[in-house]
Amino acid sequence: MEIAQNFMGPGATNTMARINENGNVVGTIIVNCEGFPETTTLDSLTAATYSTHMRNLSHFANNALKEIDVIDELMVLRMVSKKTEAVVVPDKEFHLIVLMRRR
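Below: a short report on this structure.

Rules behind the numbers
- Residues numbered from 1 in each chain as written.
- Predicted model: local features only at pLDDT ≥ 70, side-chain atom pairs only at ≥ 80, totals over all residues.
- Heavy atoms only, no water.
- Helix = DSSP H or I, 4+ residues; strand = E, 2+ residues; numbered from the N terminus.
- Buried < 20%, exposed > 50% of the residue type's maximum accessible area, 1.4 Å probe, protein only.
- Contact = heavy atoms within 4.5 Å.
- Areas by Shrake-Rupley, 256 points an atom, 1.4 Å probe, with all protein chains shown as cover.
- 1 Å grid on protein atoms, 1.4 Å probe; cavity = no way out; pocket = protein on both sides within 12 Å on 5 of 7 lines; lining within 4 Å.
- Points joined across faces, edges and corners; volume = space filled by probe spheres on them.
- Nonpolar A, V, L, I, M, F, W, Y, C, P; charged D, E, K, R; others polar.
- Core = buried A, V, L, I, M, F, W, Y, C linked by side-chain atoms within 4.5 Å.
- Patch = residues over 30% accessible without salt bridge, like charges linked within 9 Å, V, L, I, M, F, W, Y side chains within 5 Å.
- Salt bridge = Lys/Arg side-chain N within 4 Å of Asp/Glu carboxyl O.
- Pairing = 2+ DSSP bridges.
- Axes fitted to C-alpha atoms, helices over the stretch in contact; angles between N-to-C directions.

## Observations regarding the overall build of the protein
Scanning the protein for helices and strands turns up two helices and five strands. Ordered by position in the sequence, the α and β elements of the protein form the string α-β-β-α-β-β-β. Per-residue burial for the protein yields a buried fraction of 33% across its 103 residues. Pairs at least 24 apart in sequence give 42% of the contacts found in the protein among residues at least 6 apart. When the accessible area of the protein is evaluated, it comes to approximately 6800 Å², of which 56% is carbon and sulfur surface.

And the structure:
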């Protein structure tokens, strides 16, 4: 798997390469603060679709968490379906999204 559109530097590239070594990982996406995929191992349409939806979902989850406890903060969002699993690690500057196949 080749990492496309690398704007994040060698640290991000190395991290993504290490994550993608896992056999269940379908792909990784780094989404900038504006919601656009900057670095991905997926095709551009898939990356854009996941970027939009998973970033929105993490914002909704964070807002719901803030309503429950104002000082708490979302660290990781994990969504599991019958076929896939998505893990979102939100940050102020970017979101890391990892897509995996279910076993």
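Read on, since the account is not over.
## Things to note about the environment of V26
With respect to the helices and strands, the residue V26 is situated in strand β1 (residues 25-32). Since its relative accessible area comes to 30%, V26 is described here as partly exposed. Residues V26 and T41, spaced 15 residues apart in sequence, show a C-alpha to C-alpha distance of 8.5 Å.

## Some remarks on the layout of surface pockets
In this structure, the largest pocket occupies an estimated 230 Å³ of space. The element contributing the most residues to the lining of the largest pocket is helix α2 (residues 44-68), with four residues. Per-class residue counts for the lining of the largest pocket are two nonpolar, four polar and four charged.

## Description of the nonpolar core
Looking at soluble globular proteins, one finds that nonpolar side chains tend to be buried together. Formed by I29, V31, L42, A47, M54, L74, L77, A86, V88, I97 and L99, the largest nonpolar core amounts to 11 residues. Judged by nonpolar contacts, the second largest core, of seven residues, contains M16, V87, L96 and V98.

## Considerations on a nonpolar patch on the surface
A contiguous nonpolar patch, built from M75, V76 and V89 and spanning about 260 Å² of accessible area, is present on the exposed surface. Tracing the chain through its elements places V76 in the loop between α2 and β3 (77-80).

## A word on the sheet that holds strand β5 (residues 94-101)
Sheet architecture is open: five strands sit in the order β2-β1-β5-β4-β3, paired in antiparallel fashion. Among the strands making up the open sheet, the edge pair consists of β2 (37-40) and β3. Looking at each pair of strands side by side, their axes are set apart by 15 degrees on average, direction ignored. Direction of pairing for β3 relative to strand β4 (residues 84-90): antiparallel, over a ladder of four bridges. In the sheet register, L77 faces β4, and the bridge partner there is V88. Running at roughly 110 degrees to β5, α2 makes contact with β1, β2, β3, β4 and β5 of the sheet.

## Re the environment of F36
Of note, F36 is situated in the loop between β1 and β2. Distance in space between the C-alpha atoms of F36 and S51 is 6.8 Å, their sequence separation being 15 residues. In this structure, F36 is in contact with I30 and V31, ignoring residues within four places of it in sequence.

Everything listed here is a matter of coordinates, which is why it stays silent on function.
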